Amino acid sequence: MGIAFRYWQLVRIDGAGKRKIQEITPAKAFFADKFPKYTPDNDVPDTEVQRELLEIAQTDNTDRSLLAERCLLCFISWQIEQVCWQLEAQFGKARGFNGNDLLPYVLDDDGKLGQTGTYECLGRKILQSFDWQKSNLTTWINIQVKQHPELNKFLLDLGLYRVTDWAILNDTQPKKLQKVLADFHSLTSKEIEHFLALLKSYHIIYKSQRLQQCALGNRGICPQPTTQQLQQIALRLQNQIGQNLDNQTVMMQLQELANYLREYRIYHKSGSLPTVAEYSIDVADVKDSDENENKQIEFLQLYRSQFWVCLDESLDIVVTSWVKKLQLKKGNKARNFLKALQLFHCKKMSMTDIARNLGLRAQDAVTRLLNLKDFRSDVQREFLQKLCDCVIDLAGNYSHPDKLKNLEHQLASILHSQSSALFREAEVEARTVKNNSPNSIFSKKLCRYLDSLNVEI
C-alpha cells in the first residue's frame with residue numbers, strides 16, 4: 001500500500017543540486033478523475049493502480065497516455081529516492097557518503113509530459129523495461145537503481161562493491177582465482193592450493209544447489225551457506241586436503257577468500273586500492289542484542305577504545321617476542337629487525353635501500369629478516385584473541401546470559417571479519433610501498449610503538 005500523492009508529486013533535483021518536490025497539476029487532476037476514491041493522504045493499492053496506469057500509458061492514443069505515464073514516473077521518483085536512503089543506511093557511515101550524494105545520479109526527470117529531445121531519464125528507462133507479469137514495479141525500480149552505472153562508479157570510487165560474498169565466489173573460475181591470489185595478493189603456493197580446493201568444494205556444493213534453485217525460478221540475492229552446506233563443503237575439503245575443519249572455520253575462510261576477490265575487483269574496476277576507513281562493530285547486527293540505543297552507544301564506545309588497546313598490546317607482545325628470539329642468534333639481527341621495521345613502515349624505504357642502510361648483502365636478506373607475512377600473522381592472531389576475549393566480556397554486560405553463548409559465535413565471526421580488514425590493508429600497503437601509498441592503521445600503530453622504543457636509525 002502506498003500513499004496517493006506520490007502519483008502526482010515528483011521528487012527531483014533543482015538547478016542548484018537540491019532535492020525538491022514538484023507537484024504536477026495535470027497528473028493530479030488525471031489521477032483524481034481516474035481514481036476518485038483516493039484522496040492525497042489515502043493508502044493506495046499500488047499494484048492494482050499501477051497496472052491500470054500502465055495499461056493506459058501503453059495502449060491509449062490520447063493525452064491520457066502521457067498523464068498515466070507521468071503518474072507512474074512520479075511514483076518511480078519516490079522509490080528511487082528510497083533506494084538512495086537505503087544505500088546510505090547500509091553503507092554511508094562506513095564509506096563517508098549520504099543519500100543526497102547519490103540523488104543527482106538517478107533523479108534526472110524534468111517533470112514534463114512526454115520526452116523532450118533524445119535524452120531519456122532513468123524513470124522512463126525503468127518504465128519501458130518493466131514487465132508487470134514478471135515483477136512488481138517497486139522491486140524493478142530497486143534493481144535498476146542499484147545497477148545504475150554512474151551510481152555504481154561513484155560507490156566504487158569509495159571502495160564499495162555491492163555484491164555478496166557468495167555471488168563473487170559463484171562467478172569466479174579456479175583458473176582466475178589462481179591468477180588473482182598469485183599475481184595480485186602474492187600468496188604462497190600452499191595457500192593458493194588450499195583456497196583452490198575450498199573454491200572447488202564450494203562450487204560443487206553451494207553453486208550447484210544454487211543453480212538448481214534458480215532453474216526452478218527461485219532467484220534473488222545469494223543467501224549465506226546453510227549449516228548443512230558448510231558441513232558438506234568441509235567433508236569434501238577433508239577428502240581433498242586432509243584437513244578436518246569445523247563449520248565456523250569454513251565460513252571464515254570462504255569470507256576471507258571472497259574478500260581477496262572483492263579487493264581485486266575494486267582495484268580492477270576503480271583503479272584504486274581499497275582502504276579501510278573505520279573499524280567498527282554494529283551491535284544492532286547481532287541478533288537478540290539489546291535494542292536500547294543508549295546501551296548500544298555505550299557498548300560501541302567501549303568497543304572502539306578496546307580495539308586500539310588490544311592492537312597496541314598485541315604489537316608489544318609480538319615485537320618483544322621476535323626480538324628475544326633474534327637476540328639468541330649471531331650478529332645484530334634483533335637491532336637490525338627493529339631498524340628494518342621502522343625504515344620500511346615509517347620511512348617507506350624499499351627493501352633494497354634498507355639492505356644498503358643496514359649493510360646487508362641484498363634485499364632478499366631484508367625480506368627474510370622482516371618476514372612480514374609471518375609477523376602480521378602473529379600480530380593478528382594475538383590481536384584477535386585479545387579482542388574476542390575483551391568484547392565477549394563487554395557483551396556479557398549487555399546481553400542476557402541465556403543468549404550469550406549464541407552471541408559469542410556471532411561476535412567471533414564479526415571480529416574476525418573486522419581484524420581481517422585491518423590486516424589486509426597492511427598487506428596491500430606492504431605490496432605497494434614503492435607507490436608511496438598512505439600509511440595503514442597497522443603501520444601507524446607500529447610506528448608509534450617503535451618510536452616509544454627509541455630505535456636508532
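Residues numbered from 1 in each chain as written. Predicted model: local features only at pLDDT ≥ 70, side-chain atom pairs only at ≥ 80, totals over all residues. Heavy atoms only, no water.

Student: A description of the overall build of the protein chain should follow, citing residues and the corresponding values.
Tutor: The secondary structure content of the protein chain amounts to 19 helices and four strands. Across the 457 residues in the protein chain, those meeting the buried criterion constitute 46%. The long-range fraction of contacts in the protein chain, counting pairs at least 24 apart against all pairs at least 6 apart in sequence, stands at 69%. As displayed, the protein chain offers around 24,200 Å² of accessible surface, 48% of which is attributable to carbon and sulfur atoms. (Helix = DSSP H or I, 4+ residues; strand = E, 2+ residues; numbered from the N terminus. Buried < 20%, exposed > 50% of the residue type's maximum accessible area, 1.4 Å probe, protein only. Contact = heavy atoms within 4.5 Å. Areas by Shrake-Rupley, 256 points an atom, 1.4 Å probe, with all protein chains shown as cover.)

Student: How would you explain the confidence of the model for the protein chain if you had to name every residue and give the values?
Tutor: Chain-level pLDDT for the protein chain is 81 on average; 83% of the residues reach the 70-or-more range. Here residues 275-293 scores under 50 on pLDDT; set against residues more than four positions off or in separate chains, the count is 44 contacts. (pLDDT = per-residue confidence, 0-100.)

Student: Account for the pairing of strand S3 (residues 19-23), naming residues and giving values.
Tutor: Bridge count for strand S2 (residues 9-13) against S3 is five bridges, and the pairing is antiparallel. When the sheet's bridge partners are listed, Ile13 is paired in S3 with Arg19. If you look at the hairpin formed by S2 and S3, you'll find five residues sitting between the two strands, and Gly17 has a positive phi there, around 80 degrees. (Pairing = 2+ DSSP bridges.)

Student: Which residues make up the pairing of S2, and what values do they have?
Tutor: Where burial is concerned, most of S2 is hidden: five out of the five residues are buried. Here S2 shows two buried faces, one formed by Gln9, Val11 and Ile13 and the other by Leu10 and Arg12.

Student: Describe the state of the cysteines, and please don't skip the residues or the numbers.
Tutor: This structure, assessed with the given rule, holds one disulfide. For the unlinked cysteine Cys71, the closest cysteine sulfur is that of Cys74, found at 6.6 Å. The exposure class assigned to Cys71 is buried, which follows from its relative accessible area of 0%. (Disulfide = S-S within 2.5 Å.)

Student: Which residues make up empty space enclosed by the protein, and what are the values?
Tutor: The full count for this structure, using the stated rule, is two cavities of 30 Å³ or more. Approximately 50 Å³ is the volume found for the second largest cavity. Together, Val11, Leu73, Ile76, Ser77, Ile80, Val106, Leu107, Asp108, Asp109 and Gly123 line the second largest cavity. Looking at the lining of the second largest cavity element by element, the count peaks at four residues for helix H3 (residues 63-95). Tallied by class, residues from the lining of the second largest cavity come to six nonpolar, two polar and two charged. (1 Å grid on protein atoms, 1.4 Å probe; cavity = no way out; pocket = protein on both sides within 12 Å on 5 of 7 lines; lining within 4 Å. Points joined across faces, edges and corners; volume = space filled by probe spheres on them. Nonpolar A, V, L, I, M, F, W, Y, C, P; charged D, E, K, R; others polar.)

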